[in-house]
Every structure is written in structure tokens, then in C-alpha cells.
Amino acid sequence: MARVGGGDVTSGYTGERRVRLEALAELLPDHGLVGRMVGGEDPVLWVWHPHTGRQTIIFATPSNRGWQFLWSPDGQDSADDPERTAATLRRVLDLAPSD
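Along each chain, residues carry numbers from 1 onward, in the same order as the chain's sequence is written. For a predicted model such as this one, the threshold for reporting local features is a pLDDT of at least 70, and the threshold for listing and counting side-chain atom pairs is 80 or more; totals across whole chains, interfaces and linings nevertheless cover every residue. Side-chain figures throughout are based on the complete set of non-hydrogen atoms in the structure, without hydrogens or water.

Participant: Any details on the overall build of the protein chain? Residues and values, ideally.
Facilitator: Along the protein chain, the regular secondary structure elements total two helices and five strands. Here a strand is any run of E in DSSP of at least two residues, a helix any run of H or I of at least four, and the numbering for each starts at the N terminus. Taken from N to C terminus, the helices and strands of the protein chain fall in the order α-β-β-β-β-β-α. Relative accessibility decides the category of a residue: with a 1.4 Å probe and only protein chains considered, values under 20% of the type maximum give buried, values over 50% give exposed, and everything between is partly exposed. Sorting the 99 residues of the protein chain into buried and exposed places 31% on the buried side. Residue pairs at least 24 apart in sequence account for 38% of intrachain contacts in the protein chain once pairs closer than 6 positions are excluded. By definition, residues are in contact when any of their heavy atoms lie within 4.5 Å.

And the structure:
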């Protein structure tokens, strides 16, 4: 059975995903946030606000518009601008949890 293009597409995506998440993680402290890469071979970024205690998990995924960061609830931003995403996450996690 012949392989078209060679290589494992999944491992290419994993490497790109990790690079994008690491770029975002490096910016978090400048925005008063803390993050940790989790997930081993399928990395995600756990982000939390040390004062409000709010947290979320960030996914990086390819889309028809390029790479996107996704988080709950309903968060989405271009992975091409991790600085904007870090600022957005700060605003989202600054909000007091709804009771």
C-alpha cells in the first residue's frame, strides 16, 4: 500500500498545535494569568486567573481560516495573534463567576 505524501499528518498537527499553545502560554504572565501545558501527545493549555480562580482549557486546531484557539464557553480567536488572545482571556477570566 503506497503512502501519499509520506509522513504522519497527525504528528505534524501535534507539533504545530504545541508551538501555537506555547506561544500563547509565554504571554499569559504579562496578563496576570497562569498556564500549564497538559495532555502529553495531544497538548492543550490549562489557563487560570490566580485572583478570581476562574479557569479554562485552550485548544488549538486548524480550520479553513487558519489555526484557531478555542475555549469554553464559546471562546474563539485566531492563533495568529496570541497577544490578542491572551488579553481576551484576561477579560473573560476577570469576570466574577455567575451565581
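Participant: So what's going on with the nonpolar core? Residues and values would help.
Facilitator: In this text, buried Ala, Val, Leu, Ile, Met, Phe, Trp, Tyr and Cys residues form a nonpolar core when linked through side-chain atoms within 4.5 Å. In terms of nonpolar packing, the biggest core is built from 16 residues, with L24, L28, L45, V47, I58, F69 and L89 touching the most fellow members. When sequence neighbours within four positions are dropped, the list of residues in contact with L24 reads L45, I58, F69, P82, T85, A86 and L89.

Participant: Give me the lowdown on the packing of aromatic side chains, citing residues and values where you can.
Facilitator: Only Phe, Tyr and Trp rings take part, Trp by its six-membered ring, and two of them pair if their centres are within 6.5 Å. Stacked means planes under 30 degrees apart, edge-to-face means over 60, and tilted covers everything else. On inspection of all chains with the given rule, the structure shows two aromatic pairs. Their ring planes at 70 degrees and their centres at 6.1 Å tell us that Y13 and W67 sit as a pair that is edge-to-face. Within this pair, whereas Y13 is found in helix α1 (residues 9-27), its partner W67 is found in strand β4 (residues 66-71), the two being separated by 54 residues in sequence. Residue classification places W67 among the buried residues on the basis of a relative accessible area of 11%. Ring plane angle 40 degrees and centroid distance 4.5 Å describe the contact between W46 and W48, whose orientation is recorded as tilted.

Participant: Break down the side chain of H49 for me, citing the residues and quoting the values.
Facilitator: Locating H49 in the fold gives a position in the loop between β2 (44-48) and β3 (55-63). On the basis of relative accessible area, H49 is assigned to the buried category, the value being 2%. The definition of a polar contact used here is a pair of N or O atoms within 3.5 Å, where within protein one atom must be able to donate a hydrogen and the other to accept one, and adjacent residues in sequence count solely through side-chain atom pairs. A distance of 2.6 Å separates a polar atom in the side chain of H49 from a polar atom in the side chain of D94. Setting aside residues up to four positions removed in sequence, H49 forms contacts with L33, R54, R90, L93 and D94.

Participant: So what's going on with the pairing of β4? Which residues, and what values?
Facilitator: Only strands joined by at least two bridges in the DSSP assignment are considered to pair. Of the pairings in the sheet, the one linking β3 to β4 comprises six bridges and is antiparallel in character. Paired with F59 across the strands is L70, a residue of β4. Counting the residues that bridge the hairpin from β3 to β4 gives two residues. In terms of strand pairing, β4 meets strand β5 (residues 75-78) through four bridges, oriented antiparallel. For L70, the partnering residue across the bridge sits in β5 and is Q76. Between the end of β4 and the start of β5, which pair antiparallel, lie three residues, with D74 showing a positive phi angle near 65 degrees.

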